[in-house]
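Results of the structural survey
Here is what each chain is made of, one letter per residue.
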Amino acid sequence: MDRYTADRLTRLLDEGEGPATARTAVVAVRSGSRSWAAGLARGGAAPPPAAARFLIYSITKTLTAAALLRLCGRGRIDPDAPLDRWLPDFAAAGRITLAQLLAHRAGLRNYGGSPAYHAAVRAGEEPWSEDGFLERCRAADLFAPPGREFSYSNIGYLLAKRVLERASGLPFAQALERELFGPLSLTGWSVPEGRGDLSGLWTGPSPYLGGKDGPPGDVAARYHPGWVAHGVVAATAADIAELLHALFTGGLLPGAEAARMQESFPVPGTMRGRPWVEPGYGLGLMVERDGQAGPYWGHTGGGPGGSACAYHFPARAAGEEPVTVAVFTDGEDNDQAEWMTVEAVETLRE
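The structure displayed is predicted, hence computed values, not measured ones.

Let's shift gears to the overall build of the protein. Within the protein one finds twelve helices and eleven strands. Taking 20 Å as the expected radius of gyration for a compact globule of 350 residues, we find that the protein reaches 19 Å, a close match to that expectation. C-alpha extents for the protein along the principal axes are approximately 55 × 55 × 40 Å. Scored against the burial criterion, the 350 residues of the protein give a buried share of 55%. Sequence-distant contacts in the protein: of pairs separated by 6 or more residues, those separated by 24 or more amount to 67%. Per element, the accessible surface of the protein, about 13900 Å² overall, is 49% carbon and sulfur. Each charge class in the protein was averaged separately, 33 positive and 40 negative side chains, and the resulting centres sit 3 Å apart.

Set out below in structure tokens:
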């Protein structure tokens, strides 16, 4: 990485304030002529190695959607058909489609605002089972007619994970390996399933786990990855940048499915403090719909001890290369990771 880009991104680390601010990060870039990753740090901290693995949290949604769309491309799943074939044990399956699940338009609730959920995570309890998540969120009792409105739902992606496992005949990690990581020979990833699987990951001390008045918590000691109901991937920034780049430039996803993944509906409301001008959501993708600010698409993820962002920026003019950037930090400020990602691309394109 050139010194100018490193200095600008390090300044964004320095500008953050508060307990959620990152002290270290890894940035990875993939384009036609460039492929590199580097660790950054501020305030005398030691930078992480370029091959450090982070929890990518909700970027896992993009991977789940891409793996499912590869199955759709082979005719294994009809994305617009009711899901009762794949989810016979879910009462509302006959009313929803895979496309609606992946676009957060199935009328399903979430657990992000549940006090019981946050209390259990912060107390270090064992995670609820998948069925427990569905029951506690009254998942089968749709709050809106499917297809009518956007409502971000981890529960929807829990069901999407089940569809992936059943349609592929493989456990979640093996399905991701066969459909995504394996074809690209990427090995810097895993699917943590227990507390011991967090050992060796790069995480910061977590203000969230520490609670309102306590010191930051140790993620590896106090967190269970099962609290991400739809499954969570741990990976290097370089592997995620490579994978996202291959989805849209390398033929990993068939053209029709790649195009459909990018088709988005507007996300209502504003995203204050974030780089979005006209935010939209496709199939497992956040999409910038404003033609001047974008286009670009990808996903963010955040949770105890880290924030992650990976965006693909297509070529906008003749002679310009498409570029994909992933920025993973040890802080709990997703906005910071997003701005670093956008700043990296602006710097590279100057």
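The rest of the description comes next.
Once that is clear, we can look at the nonpolar core. With 118 residues, the main nonpolar core has Leu176 and Leu180 as its most contacted residues. Considering every element that reaches this core, the biggest residue donor is helix 2 (residues 59-73), with nine residues. Once residues within four sequence positions are removed from consideration, Leu180 is found in contact with Leu63, Ala66, Ala67, Arg70, Leu243, Leu247 and Leu252.

For the rest of this paragraph, the subject is the pairing of strand 9 (residues 296-303). When a strand is regular, its side chains alternate between the sheet's two faces. Within strand 9, seven of the eight residues are buried, leaving the element largely enclosed by the surrounding structure. Counting the residues between successive antiparallel strands, the hairpin from strand 9 to strand 10 (residues 306-313) contains two residues, one of them, Gly305, with a positive phi of roughly 85 degrees.

The element strand 1 (residues 24-31) is largely enclosed, with a buried count of seven among its eight residues. Alignment of strand 1 against strand 2 (residues 35-41), held across seven bridges, turns out to be antiparallel. Within the sheet, the bridge partner assigned to Val27 lies in strand 2 and is Ala38. Here seven bridges tie strand 1 to strand 11 (residues 323-329), and the two strands are oriented antiparallel to one another. In the sheet register, Val29 faces strand 11, and the bridge partner there is Val325.

Turning our eyes to something else, we now look at the packing of helix 2 against helix 7 (residues 172-181). For the pair helix 2 and helix 7, the least separation of the axes is 9 Å and the interaxial angle reads 70 degrees. When the interaxial angle is binned, helix 2 and helix 7 end up roughly perpendicular. Our pair here, helix 2 against helix 7, has a crossing hand that is left-handed. Contacts from Thr60, Leu63, Thr64, Ala66, Ala67, Arg70 and Leu71 of helix 2 reach helix 7 at Phe172, Leu176, Arg178, Glu179, Leu180 and Phe181. Its residues assigned to classes, the contact of helix 2 with helix 7 comprises eight nonpolar, two polar and three charged.

Overall, antiparallel pairing links the eight strands, which are arranged 2-1-11-10-9-8-7-6 in an open sheet. In this open sheet, the two strands that pair with only one neighbour each are strand 2 and strand 6 (265-266). With three bridges connecting them, strand 8 (residues 286-288) and strand 9 associate as antiparallel partners. Pairing of Glu288 across the sheet is with Tyr296, part of strand 9.

Turning to the packing of aromatic side chains, a few remarks are in order. Under the defined criterion, the tally for this structure stands at 17 aromatic pairs. On the numbers, 5.7 Å between centres and 75 degrees between planes, the contact of Tyr117 with Trp227 is edge-to-face. In this pair, Tyr117 sits in helix 4 (residues 115-122) while Trp227 sits in the loop between helix 9 (219-222) and strand 5 (234-236), placing the two residues 110 residues apart along the sequence. The buried category is assigned to Tyr117, whose relative accessible area is 10%. An aromatic cluster of at least three residues, connected via ring pairs, comprises Tyr111, Tyr117, Trp128, Phe133 and Trp227. Here the basic side chain of Lys61 rests over the ring of Tyr157, its NZ or CZ set 5.8 Å away from the ring centre. When the ring centre of Phe265 is taken as reference, the NZ or CZ atom of Arg105 above it lies at 3.9 Å.

Parameters at a glance
Residues numbered from 1 in each chain as written. Predicted model: local features only at pLDDT ≥ 70, side-chain atom pairs only at ≥ 80, totals over all residues. Heavy atoms only, no water. Helix = DSSP H or I, 4+ residues; strand = E, 2+ residues; numbered from the N terminus. Rg over C-alpha atoms; globule rule 2.2 N^0.38 Å. Buried < 20%, exposed > 50% of the residue type's maximum accessible area, 1.4 Å probe, protein only. Contact = heavy atoms within 4.5 Å. Areas by Shrake-Rupley, 256 points an atom, 1.4 Å probe, with all protein chains shown as cover. Lys, Arg positive; Asp, Glu negative; His and termini not counted. Charge placed at Lys NZ, Arg CZ, Asp CG, Glu CD. Core = buried A, V, L, I, M, F, W, Y, C linked by side-chain atoms within 4.5 Å. Pairing = 2+ DSSP bridges. Axes fitted to C-alpha atoms, helices over the stretch in contact; angles between N-to-C directions. Parallel < 35°, antiparallel > 145°, perpendicular 65-115°, else oblique. Left-handed = near helix turned anticlockwise from the far one by under 90°. Nonpolar A, V, L, I, M, F, W, Y, C, P; charged D, E, K, R; others polar. Phe/Tyr/Trp six-rings, centres within 6.5 Å; stacked < 30°, edge-to-face > 60°. Lys NZ or Arg CZ within 6 Å of the ring centre and 35° of its normal.

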